[in-house]
Amino acid sequence: MAVSRSTTDRQRAAAARQAAAAARTTGTHPVAGGAPTSAPRPSHPSAVIEFRGVTKAYDNTTAGVHDATFTVHRGEFLFLVGQTGAGKSTLMKLLLKEMEPDSGVIRVAGRDLSEITHKKVPYYRRNLGVVFQDFKLLPNRTVYDNVAYALQVTGASRKQIRRQVPDILRLTGLSTKLHNYPHQLSGGEQQRVSVARAFVNHPPLLLADEPTGNLDPDTTIGIMQLLYRINKAGTTVVVATHDEGMVNRMRRRVIELQGGQIVRDEVAGGYGRDSESTAEFGALMRGEPSPTPQRLRQPSEADLFDDAFAD
Ligand SMILES: Nc1ncnc2c1ncn2[C@@H]1O[C@H](COP(=O)(O)OP(=O)(O)OP(=O)(O)O)[C@@H](O)[C@H]1O
C-alpha cells in the first residue's frame, strides 16, 4: 500500500535536528541501560526508536505488524493511530519486549532488543514509562505508595522517594489525594496517578496505550496537558490512540497503521487521512492563508502548559 507523504525529506531532517537540539538542551539521557560510552550507537545520533522491516504475525492469517520501518528521534511526540485491530498495541508490546518480532530489527537507543536477555528485560523496562487505558494501579496501595513503588523497584533511596514523589504528585495535580486509594478516585485522577507513576523516574521514553480511552473530554485535556508537559521536559512520548480530538488538537507526528502496515507518516498530522494538515500544507505551498487556522495551529504554551493544572 502506498504511503502518503505530506512532508519533504528536508522537513523531516529539520525536525530531527530540532529534536536533537531540544534533547541537548534538556539533557535527556540514553535508554536501554548501560553507560553512554558503552551503549551501542543508533544509526542516527538522536534516534530513540528504530523499527527496520519489523513483522509480527499472530498466525498465518493475522498480521499484527507487517514490515514496519520508522525512526523516532529524541524529544519527538508520536501518535500511533488506526482502526481497531490495526496493530497499534502489537507495536507497543514489541517495544516493551512483551513479544518478539518474527523478522526485522527493533532498536531502542541503539540497542537491538533481541540482544536483551530475558533476565535483563526488567532493567530495560525501567527506562520506559508506561501508561495503559485501564490504569493498572495497585488497588490496596494509596496514591503516594503507588507512585513510590515505581521508585522503590529501581532501588531509589528513601530520601529520593520522599523528595520525588511529592514533586510528581504536585505536577500531576494530586497533592490533595496522597492518602486516597484508587477506588476513591475518579477515572481521570486514576489516570493521572498512572502518568505520575510512569514519569516519576523521568524515563527517556514514555509509552501510552489509549491513555484517554476511559475518560471524558475534559479529563482527556488534563491528561493531554500532562503528556505535553512531560514531552517538553525532554522525554520522547509515543501515544497509541483512537482519540481524534487529542490528535487533532496537538498536531504532532502521526503514524497511521492499517492491517499492520504503516500507511501514513506525517510530521504534524491529524487523526484522519487527507486531514486538514494536508490542505494546510498545500495552502502554504501556494502562499495562501491556512484554510482552517484555528484547528491547525500548533498548541501554544498557553493552550496546554497552563499552571491551572498543577496545585
Ligand atoms: N494475542 C493475539 N493472538 C492472536 N491475534 C492477535 C493477538 N493480539 C492481537 N491480535 C490480532 O492482531 C491484530 C492487531 O491487533 P492490535 O491489538 O495490535 O490492534 P490495535 O490497533 O491495538 O487495536 P485496538 O485499537 O482495538 O486496541 C488484530 O487483527 C488482532 O485481532
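Residues numbered from 1 in each chain as written. Predicted model: local features only at pLDDT ≥ 70, side-chain atom pairs only at ≥ 80, totals over all residues.

Chemist: Would you explain the overall build of the chain in this entry?
Modeler: Within the chain, the regular secondary structure consists of eleven helices and ten strands. Here the chain, with 311 residues, has 40% of them falling under the buried criterion. (Helix = DSSP H or I, 4+ residues; strand = E, 2+ residues; numbered from the N terminus. Buried ≥ 20, exposed ≤ 12 C-beta atoms within 10 Å, placed from the backbone.)

Chemist: What exactly am I supposed to notice about the sheet that holds strand β7 (residues 205–209) here?
Modeler: Strands pair in a sheet through their backbones, by hydrogen bonds, and they do so in one of two ways: parallel or antiparallel. The six strands lie next to each other as β6-β7-β8-β3-β9-β10, forming an open sheet whose pairing is mixed. Each of the sheet's edge strands pairs with one partner strand only, and the pair in question is β6 (128–132) and β10 (261–266). Direction aside, the axes of adjacent strands within the sheet are offset by 15° on average. Two elements, strand β9 (residues 253–258) and β10, share five bridges in a ladder whose sense is antiparallel. The partner of Q258 across the bridge, within β10, is Q261. Sitting on the sheet, helix α6 (residues 187–199) is in contact with β6 and β7, with an inclination near 165° to β6. The strands touched by helix α7 (residues 217–232) are β3 (77–81), β7 and β8 (236–240); relative to β8, the strand with the most contacts, the crossing angle is about 150°. (Pairing = 2+ DSSP bridges. Axes fitted to C-alpha atoms, helices over the stretch in contact; angles between N-to-C directions. Contact = placed C-beta atoms within 7 Å.)

Chemist: How should I be thinking about the packing of helix α4 (residues 143–152) against helix α5 (residues 158–171) in this particular structure?
Modeler: At a minimum axis separation of 10 Å, α4 and α5 run at an interaxial angle of 125°. Here α5 runs oblique to α4, going by the angle between their axes. Like other packed secondary-structure pairs, α4 and α5 cross with a definite hand, here right-handed. Contacts between α4 and α5 involve V143, Y144, V147, A148, L151 and Q152 from the first element and Q160, I161, Q164, V165, I168 and L169 from the second. (Parallel < 35°, antiparallel > 145°, perpendicular 65-115°, else oblique. Left-handed = near helix turned anticlockwise from the far one by under 90°.)

Chemist: Please explain unusual backbone geometry as it appears in this structure.
Modeler: Where the residue is not glycine, phi is negative for most of them; where a peptide bond is considered, it is trans in most cases. The phi torsion at D67 lies on the positive side, around 50°, for a residue other than glycine. Relative to the helices and strands, D67 resides in strand β2 (residues 63–73). Taking the number of C-beta atoms within 10 Å as the measure of exposure, D67 has 15 and is therefore partly exposed. Even without glycine at this site, K97 takes up a positive phi of about 60°. Its location among the elements puts K97 in the loop between α2 (88–95) and β4 (103–108).

Chemist: In this structure, what is going on with the environment of H202? I would like to understand it.
Modeler: Its place among the elements puts H202 in the loop between α6 and β7. Note: C-alpha distance between H202 and I223 (21 residues apart in sequence) is 17 Å.

Chemist: Can you walk me through the site of the ligand in this structure?
Modeler: Around the ligand, the surrounding shell consists of Y58, T62, G64, G82, T84, G85, A86, G87, K88, S89, T90 and H242. Ranked by the residues each element gives to the shell around the ligand, the list is headed by α2, at three residues. Here the shell around the ligand is built from residues that sort into two nonpolar, nine polar and one charged. (Near = placed C-beta within 6 Å. Nonpolar A, V, L, I, M, F, W, Y, C, P; charged D, E, K, R; others polar.)

Chemist: Just checking my understanding: could you explain the sheet that holds β4 for this structure?
Modeler: Across the sheet, which stays open at both edges, the four strands sit in the order β2-β1-β4-β5 with antiparallel pairing between neighbours. One side of each edge strand has no neighbouring strand; the edge strands of this open sheet are β2 and β5 (111–112). Across five bridges, the pairing between strand β1 (residues 47–57) and β4 is antiparallel. Residue pairing in the sheet places E50 in a bridge with R107 of β4.

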